[in-house]
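Overview (structure and organization)
The chain contents come next:
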2 protein chains.
Amino acid sequence: MDDPAVGGGMSLDQSAGTAPAAMDATEVDRVCRAAADAAPDLDAMGRTARAALLTALGQALEADRTAIVALADRETSLGATRLGNELTRTRLQLELFAEVLTEGSYLEATIDHRADTPIGPRPDLRRMLVPIGPVAVFGASNFPLAFSVPGGDTASALAAGCPVVVKAHPAHPATSARCFQAMHEAVRERGAPPAALALVHGREAGQAVVQHPAITAVGFTGSTAGGRALFDLACARPVPIPFYGELGSVNPLIVTASAATERGAEIAAGLTASMTLGTGQFCTKPGLLFVPDTGDGDLLVDELRRAITAAAAGPMLTADIHAAYQRGLDAWRHSDGVSAVAEGGVDGPGGALLARPALFSVDAGALTPDVLEERFGPAALVVRYRDSDELAAGLARLGGQLTVSVHCAETDQALLTHLHTMLRTIAGRIVFNGYPTGVAVTWAQHHGGPYPATTSAPHTSVGATSIRRWLRPVVYQDAPAALLPVELAEGKASIPRRVDGDLVVPIR
Amino acid sequence: MDDPAVGGGMSLDQSAGTAPAAMDATEVDRVCRAAADAAPDLDAMGRTARAALLTALGQALEADRTAIVALADRETSLGATRLGNELTRTRLQLELFAEVLTEGSYLEATIDHRADTPIGPRPDLRRMLVPIGPVAVFGASNFPLAFSVPGGDTASALAAGCPVVVKAHPAHPATSARCFQAMHEAVRERGAPPAALALVHGREAGQAVVQHPAITAVGFTGSTAGGRALFDLACARPVPIPFYGELGSVNPLIVTASAATERGAEIAAGLTASMTLGTGQFCTKPGLLFVPDTGDGDLLVDELRRAITAAAAGPMLTADIHAAYQRGLDAWRHSDGVSAVAEGGVDGPGGALLARPALFSVDAGALTPDVLEERFGPAALVVRYRDSDELAAGLARLGGQLTVSVHCAETDQALLTHLHTMLRTIAGRIVFNGYPTGVAVTWAQHHGGPYPATTSAPHTSVGATSIRRWLRPVVYQDAPAALLPVELAEGKASIPRRVDGDLVVPIR
């Protein structure tokens, strides 16, 4: 999600009262060292106690729901309904990770007994995943409750057994502090080490956390520029660490000629709703719409024009984000080959931060890198294509994407087969006859993709497998039974394990 | 494995005949583009055909065994027995990956059916891992047949469905070319795209491959300096890519006071064999020996002195490696607090590249970063420690390690429990009452560790799970049945899958 305010100074115009003070280097050092000291104890709690901790964190947020949602709405203008759903989503996410811990296959427990091989005897080897160590999490501007102090990164890292140092996003410091307070109390009450969850404010503090020797991995959701700068810091450390950043994505959406004919008006309505949802401030907002250069394609664009023109303006998260949105629209206005299609209403609650929905159009042959940049907000670019070759050529110009969507008809099988490899290569999620906004938290979910969608294509920031980011393997060779973790002990196990090559799943 | 020649220019002194010409930028570009073009076809072959390809690669190497081993021995002086075993190991590794493909759980296939949730309906989501794209593999000096053109990186990447561009190590260019020829013929014969396996020579060519836009990940085994330089290149790309590098490790080995008393002489003999094996040119060579400052510890060091003094000198791989070994010993000779314990025989086959085994000693309290640097070759540093606190403090000074070994007695349970977290934090493999050299290729094996042991602690370069490095997840949302990969189709599957949260394993 492209948010130019990430990593910026404290943005006070939207805050509720005094912003928490930025943390200085000494304090950051203390917090990170304390996180390192807490790591063995958090790990030693074991899966059952950590599952209970996650459930308790969800309950703590629920118990403070009214105040948290009100505060978040005051700081972000995202609305009580959306924020209430966001809190519910985060509670469900914490519960999913409790289930992941109980189920246990995330440990990838594997046992190879001593054996003879053609090149000599082989020792007893027992492998499992262990926590990587203290983790830094950067809160996002647009998800104060689902990708910030509470949210997927924090939930998955604590589940893995990693202490978390959260860098609060300056767009909602008070919400961050309030959520932290509720969660930190739960951490203490469940007997977890208090330093297992910490909060820092301030841009320099965030950079210092990424560079601190005690930190072993980073989770980030924000802009391409801000994320890349932190990624570069993480890579340049004397001891480089994994940086799991979700940066920018334009989320191309393709309408086939047959789909435009079959249900162009329906697609135009769905698209308008998806691109203006939350004032377009979603990392999965469809921002690039491939529409066929046909009569029915023209009709679809006409429907889009009507819908966008009728759409209400909405408030943006911060003044920086609002300014960047206006700059983005201006860039389209002054780009060769790009023409304005529609602009939405000027009224709505949001004052100076009000953003009007906007739609532009360009021919597929005229696509340039500048034109393809993400516009964070309720705007999209229609790309008119003449045939499947021009469509494929347009897709080939794109960087990595979180999602790609296809609206198609039953008769499009050959086209889909033709495009399949391309779709899979550029994006982490392929949506059929739907819209990319809305990311369900499930076992199968994947929220990631090649750069710049993320800085680590092999991993996800949403879904059960996002825990894998915070784990590293360890193998025990000929270990005394008394020293083995319970998950690697001889005999029947309560978790799925691979034993001498065979996957053994306990009856649940 | 710390090898100062990695990334260096062609080293001709050990080569058999004319070295292949370094590849220029135009040729590198052609090879990388061809690899990208080959990627969809290699993927489309499917698991069964790729499993057959891997088996065929092993057979092709077997068919040329005599010539390959002779050539490798001429270039590396590693000896026909060791090289023969290395070839067998690689064939077994290729066969293990054929099994991994057939078994199929590496795909992490996951299906969540459409469902209602407290925050609305959830779409049908089907996730699996897909090939990441063309991969660069850097051959290692010390494993011409197991970490070079043939070997774990190439086998796991081809298994994943990723074309491989190998950068030949300058220490054995003719062996690399010969192996490539045999394997490339098998690639053609099995109907795989010919560009699925390519070979480049030359330092600049290697850098150009890492920086080429078509390359999506890198596997590397070599020195800390050379590996870090390439890691930095991979991170600095406009589109950064994962760099899976195995760099340096001193592989600490701890002898407890009780173990020294129980079987000091036996441990001294085992240690000498392990540290001089292959003239000490193993990434897992035990290079740092924590010995108790007790009478029995003195006796153990006396035994080591006798054994090392009696050990034969051996040939090193290249002149650069030989020179670096001599520099490393000189550095110990001139380090405060370090004293020479023993030096081995001067005779042996190896001429100018002969290296004498050597043992030095230092008190745990006098450890400095310089003293702790890896010496690639048949040398080790004894660290005398007074108590468990001094032992723990010494371990805490170390960077990440591939392995840590503990020689202990039954009475050491309390000490082991005390050290357990530390052992797990610093190393990827914990060896009990054994030696770290020799890395079995199995399902449970892990060959990795925190930096500088590797540049990516969450992943391994040996064992079945090393395939995970070359894969990224993709999720299909509400996909038409006809477009879904067979592994995600509705109904019974021939591979393990997670369906609506439950792991379902087919009967094999």
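Residues numbered from 1 in each chain as written. Chains lettered and ligands numbered in written order. Predicted model: local features only at pLDDT ≥ 70, side-chain atom pairs only at ≥ 80, totals over all residues. Heavy atoms only, no water.

Structural notes on the interface of chain A and chain B
At the junction of the two partners, chain A supplies 78 residues and chain B supplies 78 residues. Roughly 6400 Å² of surface becomes buried between chain A and chain B when both sides are summed, with 60% attributable to carbon and sulfur atoms. Area buried by chain A at its contact with chain B is led by A:Arg424, A:Pro458 and A:Leu483, which between them contribute 11% of it. Taken together, the links from chain A to chain B amount to four salt bridges. For B:Arg424, the salt bridge goes to A:Asp43, with nearest N and O atoms at 2.9 Å. In this structure, the connection of chain A to chain B is made through 43 residue pairs in polar contact (both at pLDDT 80 or more). In terms of strand pairing, strand E18 (residues 427-432) of chain A meets strand E19 (residues 471-477) of chain B through three bridges, oriented parallel. By the bridge assignment, A:Val431 is partnered in E19(B) with B:Gln477. (Contact = heavy atoms within 4.5 Å. Buried area = accessible area lost by both parts, 1.4 Å probe. Salt bridge = Lys/Arg side-chain N within 4 Å of Asp/Glu carboxyl O. Polar contact = N/O pair within 3.5 Å; in protein donor to acceptor, adjacent residues only side chain to side chain. Pairing = 2+ DSSP bridges. Helix = DSSP H or I, 4+ residues; strand = E, 2+ residues; numbered from the N terminus.)

A look at the domain arrangement of chain A
Residue and element names in this part refer to chain A. Its domain assignment divides chain A into domain 1 (25-247 + 455-470) and domain 2 (252-432). Inter-centroid distance (C-alpha atoms) of domain 1 to domain 2 is 33 Å. Each partner contributes residues to the interface: domain 1 has ten residues there, and domain 2 has ten residues. Between domain 1 and domain 2 lies a buried interface of about 820 Å² when both sides are counted; carbon and sulfur atoms form 64% of it. Our enumeration of links across domain 1 and domain 2 arrives at zero salt bridges. Between the two partners, domain 1 and domain 2, sit one residue pair in polar contact (both at pLDDT 80 or more). Residues that form the side of domain 1 that touches domain 2 fall into these classes: three nonpolar, four polar and three charged. (Domains from an automatic or database assignment. Nonpolar A, V, L, I, M, F, W, Y, C, P; charged D, E, K, R; others polar.)

Thoughts on the packing of aromatic side chains
Residues and elements named next belong to chain A. Counted by the stated rule, this structure contains 14 aromatic pairs over all chains. Look at Phe138 and Phe220: their rings are 5.9 Å apart centre to centre, the planes differ by 55°, and that puts the pair in the tilted class. Taken as a pair, Phe138 in strand E5 (residues 135-138) and Phe220 in strand E8 (residues 217-221) lie far apart in primary sequence, 82 residues in all. The burial state of Phe138 is the same as that of Phe220; both residues are buried. Taking the centre distance of 5.3 Å and the plane angle of 50° together, the rings of Trp332 and Phe360 count as tilted. (Phe/Tyr/Trp six-rings, centres within 6.5 Å; stacked < 30°, edge-to-face > 60°. Buried < 20%, exposed > 50% of the residue type's maximum accessible area, 1.4 Å probe, protein only.)

Focus: helix H5 (residues 152-160) of chain B
All names here are of chain B. Buried residues dominate H5, accounting for nine of its nine residues. Along H5, the residues that are buried comprise Gly152, Asp153, Thr154, Ala155, Ser156, Ala157, Leu158, Ala159 and Ala160. Count one or two residues on from H5 and you reach Gly161, which has phi positive near 100°.

Things to note about the sheet that holds E18(A)
The strand order E13(A)-E15(A)-E16(A)-E11(A)-E10(A)-E17(A)-E18(A)-E19(B)-E4(B)-E1(B)-E20(B)-E21(B) describes an open sheet built from twelve strands, whose pairing is mixed. Where the open sheet ends on each side, the last strands, each with one partner, are strand E13 (339-343) of chain A together with strand E21 (502-504) of chain B. Ignoring strand direction, the axes of neighbouring strands in this sheet form an average angle of 20°. Where strand E1 (residues 110-112) of chain B and strand E4 (residues 125-131) of chain B come together, three bridges link them in antiparallel fashion. By the bridge assignment for E4(B), B:Asp112 is matched with B:Leu125. (Axes fitted to C-alpha atoms, helices over the stretch in contact; angles between N-to-C directions.)

Considerations on the pattern of salt bridges
Residues and elements named next belong to chain A. A full pass over the atoms with the stated rule returns 50 salt bridges over all chains. Salt-bridge contacts for Arg114 lead to Asp478; the nearest nitrogen and oxygen are separated by 3.0 Å. With Arg114 in the loop between strand E1 (110-112) and strand E2 (115-117) and Asp478 in the loop between strand E19 (471-477) and strand E20 (497-499), this residue pair connects regions lying 364 residues apart in the sequence. Because the salt bridges share partners, they merge into one network encompassing Glu62, Arg65, Arg91 and Glu95.

Here we look at unusual backbone geometry
All names here are of chain A. Between Tyr451 and Pro452 the backbone carries a cis peptide bond, its omega angle lying at 5°. Tracing the sequence through the fold places Pro452 in the loop between E18 and E19. Unusually for a residue other than glycine, Asn251 sits at a positive phi of about 50°. Note that Asn251 resides in the loop between strand E9 (243-246) and strand E10 (252-255). In this structure Asn251 comes out as buried when scored by relative accessible area, which is 0%. You will see that Asp500, though not glycine, has its phi angle at about 50°, which is positive. Overall, Asp500 belongs to the partly exposed group, its relative accessible area being 42%.

A look at the side chain of A:Arg498
Within the secondary structure, A:Arg498 sits in strand E20. With a relative accessible area of 8%, A:Arg498 lands in the buried category. In this structure the side chain of A:Arg498 is engaged in a polar contact, spanning 3.0 Å, whose partner is the backbone oxygen of A:Gly501. Sequence-distant contacts of A:Arg498, that is, excluding residues within four places in its chain, are made with A:Ala109, A:Thr110, A:Ile111, A:Leu503, B:Glu103, B:Ser105 and B:Trp443.

Examining the side chain of A:Arg384
Residue and element names in this part refer to chain A. Within the element layout of this structure, Arg384 appears in strand E16 (residues 379-385). Among the polar contacts made by the side chain of Arg384, one reaches the main-chain carbonyl oxygen of Pro292 at a distance of 3.0 Å. Setting aside residues up to four positions removed in sequence, Arg384 forms contacts with Val291, Pro292, Asp293, Thr294, Gly297, Asp298, Val301, Ser361, Val362, Asp363, Ala364 and Glu390.

Overview of helix H7 (residues 203-211) of chain B
All names here are of chain B. For H7, the full list of buried residues reads Ala205, Gly206, Val209 and Val210. Taken around the axis of H7, the buried residues stretch over an arc of 140°, which confines them to a single face. Summarising the contacts, the buried residues of H7 are in contact with helix H1 (25-44), strand E5 (135-138), strand E6 (164-167), strand E7 (197-200), strand E8 (217-221) and helix H8 (224-236). (Arc of directions from axis to C-beta.)

Considerations on empty space enclosed by the protein
Enumeration over the complete set of coordinates arrives at seven cavities of 30 Å³ or more. If you add up the space inside the largest cavity, you get close to 850 Å³. Every residue lining the largest cavity is counted, 40 residues in all, and those nearest its centre are A:Ser105, A:Glu108, B:Ser105, B:Tyr106 and B:Glu108. Elements represented by at least two residues in the lining of the largest cavity include exactly helix H4 (80-103) and strand E20 (497-499) of chain B. Of the residues that constitute the lining of the largest cavity, the class distribution is 20 nonpolar, ten polar and ten charged. (1 Å grid on protein atoms, 1.4 Å probe; cavity = no way out; pocket = protein on both sides within 12 Å on 5 of 7 lines; lining within 4 Å. Points joined across faces, edges and corners; volume = space filled by probe spheres on them.)

A word on the packing of helix H2 (residues 46-63) of chain A against helix H6 (residues 173-189) of chain A
Residue and element names in this part refer to chain A. Contact geometry for H2 and H6: axes closest at 9 Å, N-to-C directions at 140°. Taken together, H2 and H6 sit at an angle that is classed as oblique. Considering only the axes of H2 and H6, their crossing is right-handed. Contacts between H2 and H6 pair Leu53, Ala56, Leu57, Ala60 and Leu61 from the former with Cys179, Ala182, Met183, Ala186 and Val187 from the latter. Split into classes, the residues belonging to the contact of H2 with H6 amount to ten nonpolar, no polar and no charged. (Parallel < 35°, antiparallel > 145°, perpendicular 65-115°, else oblique. Left-handed = near helix turned anticlockwise from the far one by under 90°.)

Observations concerning the environment of A:Ala214
Mapped onto the fold, A:Ala214 is located in the loop between helix H7 (203-211) and E8. Overall, the relative accessible area of 14% leaves A:Ala214 in the buried class.

So, the sheet that holds E1(A)
Sheet strands pair by backbone hydrogen bonding; their relative direction is either parallel or antiparallel. Strand order in the open sheet formed by twelve strands is E21(A)-E20(A)-E1(A)-E4(A)-E19(A)-E18(B)-E17(B)-E10(B)-E11(B)-E16(B)-E15(B)-E13(B), and the pairing between neighbours is mixed. The sheet is open, and its two borders are formed by strand E21 (502-504) of chain A together with strand E13 (339-343) of chain B, each paired with just one other strand. Across the sheet, the mean angle from the axis of one strand to that of its neighbour is 20°, orientation sign disregarded. As judged from the three bridges shared by strand E10 (residues 252-255) of chain B and strand E17 (residues 401-407) of chain B, these two strands associate in the parallel manner. Across the sheet, the residue bridging to B:Ile254 is B:Val406, located in E17(B).

Examining the relation of the copies chain A and chain B
The two copies are related by a screw motion: chain A maps onto chain B through a turn of 180° and a shift of 0.0 Å along the axis, at an RMSD of 0.0 Å. The superposition operator between the copies reduces to a two-fold rotation axis. Among all residues of chain A, the minimum C-alpha distance to the rotation axis is found for A:Cys235, at 3.4 Å. The fraction of interface residues of chain A whose copies in chain B are also interface residues reaches 100%, indicating that both copies meet through the same surface. (Least-squares fit on C-alpha atoms with pLDDT ≥ 70 in both.)

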